[in-house]
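# Structural features, examined
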Amino acid sequence: MLIVVCSNTSRSISRYGSRGKEFYSIIDGAFASMLILLTAVNEGIGACFVGAFQDKMVSTILELPKHVKPIGIICIGYPAEEPERTERIPLRKLVYYDKYGNQNGVNS
């Protein structure tokens, strides 16, 4: 199954202006996507977010109005095999204190 996550930019632009259209509406869709992905995995279903696609073609196929933009496609299904766990980046390489690059105080 595919879920096309869309952003209704008219909702955000009326409240927040151009920042709402160009940023907040996308973030809302990203949060919704993450919840869908986490829920699928929690239920033992495989899920993957696809962000590289032809926006205009998807909009045409789904007959989306101009103010509704596709921001991602989530593929959902049962995997044929058990995926390998990916190695996590250590926190000490991701967390900074007070300014970018300052790793003081980080325990790995």
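Residues numbered from 1 in each chain as written. Predicted model: local features only at pLDDT ≥ 70, side-chain atom pairs only at ≥ 80, totals over all residues. Heavy atoms only, no water.

### Some details on the sheet that holds strand β2 (residues 46-50)
- In space, the three strands of this open sheet follow the order β1-β3-β2, with antiparallel pairing throughout. Each having just a single partner strand, β1 (2-8) and β2 make up the two edges of the open sheet. Within this sheet the neighbouring strands show an average axis-to-axis angle of 25°, counted without direction.
- Where β1 lies against strand β3 (residues 68-77), seven bridges are found, and the strand directions are antiparallel. If you follow V5 over to β3, its bridge partner there is G72.
- With respect to the sheet, helix α2 (residues 18-42) is in contact with β1, β2 and β3, its orientation differing from that of β3 by roughly 10°.
- On the sheet, helix α3 (residues 55-62) packs against β1 and β3 and is oriented at approximately 85° with respect to β3. (Pairing = 2+ DSSP bridges. Helix = DSSP H or I, 4+ residues; strand = E, 2+ residues; numbered from the N terminus. Axes fitted to C-alpha atoms, helices over the stretch in contact; angles between N-to-C directions. Contact = heavy atoms within 4.5 Å.)

### Some points on the confidence of the model for the chain
- Looking at the chain, pLDDT values average 88 and 96% of them are 70 or higher.
- Across the chain, the element-wise mean pLDDT spans from 82 in helix α1 (residues 9-16) up to 96 in α3. (pLDDT = per-residue confidence, 0-100.)

### Topic: the side chain of S7
- Among the structural elements, S7 can be located in strand β1.
- Beyond its immediate stretch of four places on either side in the chain, S7 contacts S25, I26, H67, V68, K69 and I71.

### Some thoughts on the packing of aromatic side chains
- Per the stated rule, a full pass over the model turns up three aromatic pairs.
- Geometrically, the ring pair formed by Y16 and Y24 is edge-to-face, given 4.9 Å between the ring centres and 65° between the ring planes.
- Its relative accessible area of 45% is what places Y16 among the partly exposed residues.
- Among the aromatic side chains, those forming a connected cluster through ring pairs are Y16, F23 and Y24. (Phe/Tyr/Trp six-rings, centres within 6.5 Å; stacked < 30°, edge-to-face > 60°. Buried < 20%, exposed > 50% of the residue type's maximum accessible area, 1.4 Å probe, protein only.)

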